[in-house]
Amino acid sequence: MLSRVADSIYWMARYVERAENLSRLLLSTQDLLLDAGAEGRLDESQFWQPILATTGDEEAYAAVHKKIKGRDVADFLALRPENPNSILNCIRAARENARTVRDQISDELWECLNGLKLFVESAEGKSTYRNQSAAFYERVLRRSYQFQGIADSTTPRGEVWHFLRLGTCLERADQMSRLLDTCSDLSREMAPHPEARPLRWAALLRSCSAWHAFQAHSSRLDPHKIIEYLLLDETFPRSIACCITEVHRALRELGGTGALSDMSTPVRHSGRLRADLAYSTVDELTTKGLHEFVDELQLRLGQIGQSIFETFVLYPDVQLEEEPLHAAAHLGAFHAHTAEEDAQVQQQQQQQQQQQ
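Relative to each other, helix H9 (residues 159–182) and helix H14 (residues 240–255) sit at 155°, their axes nearing to 8 Å. Judged on the interaxial angle alone, H14 and H9 are roughly antiparallel. Note on packing geometry: the crossing formed by H9 with H14 is left-handed. Along the contact surface, H9 presents Glu159, His162, Phe163, Arg165, Leu166, Cys169, Leu170, Arg172, Ala173, Met176, Ser177 and Leu180, while H14 presents Ile240, Cys243, Ile244, Glu246, Val247, Ala250, Leu251, Glu253 and Leu254. Of the residues in the contact of H9 with H14, the class split is 14 nonpolar, 2 polar and 5 charged.

Shown next, in the form of structure tokens:
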């Protein structure tokens, strides 16, 4: 497989997952506001600021709006063309990456992603968002689920499939870590309204589609149990431990399964993280500090992402004088992997081929 193709498939999957997570986060926050408002303790900035912190768009938003208002934040994150991290631009980027590898994916997968892009750009999509934003988010979610299901049922279990899983699971782990980080100082944030804490923890579960699964796991909203479930439970497909297990499995298929010396750098990085999570307890993590642990976790996710880029996209002997083009996507919050950057990567590869 050409490295350009692998890169496009990987980022196509990441952007679909990113748009899905953002849609679910906006939808769950909208529901949370209704619950909190009904009980007379509505403070918009208290609920919307964590979303901007999760997506890493605080500075970009502050450059456009002076105050944090729900409608402004939702507009900025949903359909704002100037925001490279909006749902609109994530779907556009996913579709553009899919277009460059049209011959590598099934017709059904292409039609699903192309249809989603047409919807969010259409007058119908904009009208749905203005008049019934929940219906807009749910439409994006359903299309994303459809994308995952079509990919699962139409993609051969070869290199294309493994890069799809890498993009999906690494993005999912990154998003989950950021959601958990917003709850690392939840008790302090909610001190004036301690009765509102269960609502926030319930919203966290709903924002990652874990509400019903966690209820089967535990009968009460114990923060320690929620953190343990979303971070360490290998049976829940959106937990960080489960995602890293999937990432490691895909990398072993792509980067070697023999002796340690024969394995690629991404395999070793993901294997170490998988082992650390498997042998950690929630008490150890909370004693260390959830925020500190998540910071370290995000750096390690960034290390995995950077090593994937250097191993499978760049030629091994290419020495970069600057940060790799996509490293910011892992080490920062959200990064727009644009068509221009695709062209830069392709140009680097062509130059290297000519030199060889």
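Attention shifts here to helix H5 (residues 87–100). The first and last C-alpha atoms of H5 sit 20 Å apart over 14 residues, in line with the 20 Å expected at 1.5 Å per residue. Where burial is concerned, most of H5 is hidden: 10 out of the 14 residues are buried. Residues Ile87, Leu88, Asn89, Cys90, Ile91, Ala93, Ala94, Arg95, Asn97 and Ala98 constitute the buried set of H5.

Our focus in this paragraph is unusual backbone geometry. In this structure, Ser209 is a non-glycine residue whose phi angle is positive, near 55°. Among the structural elements, Ser209 can be located in the loop between helix H11 (197–207) and helix H12 (211–217).

What follows deals with H14. Residue pairs three or four apart in sequence face the same way in an α-helix, which turns once every 3.6 residues. Here H14 contains 16 residues, and its C-alpha end-to-end distance of 21 Å stays within 8% of the 22 Å for a straight helix at 1.5 Å per residue. Its buried side turned inward, H14 meets H9, helix H13 (223–232), helix H15 (265–278) and helix H17 (290–312).

So, on to the nonpolar core. Burial of nonpolar side chains together is a common tendency in soluble globular proteins. If you look at the biggest cluster of nonpolar residues, it comprises 100 residues, and the most contacted ones within it are Leu26, Ile87, Tyr137, Leu166, Leu230 and Leu231. Residue contributions to this core peak at 16 residues, all from helix H1 (residues 3–38). Apart from the residues within four sequence positions on either side, Leu231 is in contact with Leu180, Ile240, Ala241, Leu285, Phe293 and Leu297.

Turning our attention to the pattern of salt bridges. Counted under the stated rule, the structure contains 20 salt bridges. Among the ionic pairs, Asp107 bridges to Arg102, the shortest N-O distance being 3.0 Å. Residue Arg102 is classed as partly exposed on the basis of its relative accessible area of 30%. Of the charged contacts, one joins Asp276 and Arg300 as a salt bridge, the two residues approaching to 2.7 Å between their closest N and O atoms. Taken together, the residues Asp276 in helix H15 and Arg300 in helix H17 connect sequence positions 24 residues apart. Classification of Asp276 as partly exposed rests on a relative accessible area of 38%. Salt bridges linked by common partners bring Glu17, Glu20, Arg24, Arg172 and Arg238 together as one network.

A few words now on the packing of aromatic side chains. Enumeration according to the criterion identifies 10 aromatic pairs in this entry. For the ring pair Tyr10 and Trp11, a centre distance of 5.5 Å and an interplane angle of 90° mean the geometry is edge-to-face. Given a relative accessible area of 4%, Tyr10 falls into the buried group. Classification of Trp11 by relative accessible area gives buried; the value is 1%. Within the aromatic cluster, the residues linked to one another by ring pairs are Phe119, Tyr129, Phe136 and Tyr137.

Calculation rules
- Residues numbered from 1 in each chain as written.
- Predicted model: local features only at pLDDT ≥ 70, side-chain atom pairs only at ≥ 80, totals over all residues.
- Heavy atoms only, no water.
- Axes fitted to C-alpha atoms, helices over the stretch in contact; angles between N-to-C directions.
- Helix = DSSP H or I, 4+ residues; strand = E, 2+ residues; numbered from the N terminus.
- Parallel < 35°, antiparallel > 145°, perpendicular 65-115°, else oblique.
- Left-handed = near helix turned anticlockwise from the far one by under 90°.
- Contact = heavy atoms within 4.5 Å.
- Nonpolar A, V, L, I, M, F, W, Y, C, P; charged D, E, K, R; others polar.
- Expected span 1.5 Å × (residues − 1).
- Buried < 20%, exposed > 50% of the residue type's maximum accessible area, 1.4 Å probe, protein only.
- Core = buried A, V, L, I, M, F, W, Y, C linked by side-chain atoms within 4.5 Å.
- Salt bridge = Lys/Arg side-chain N within 4 Å of Asp/Glu carboxyl O.
- Phe/Tyr/Trp six-rings, centres within 6.5 Å; stacked < 30°, edge-to-face > 60°.

Scope: geometric values only; no functional claims are made or implied.
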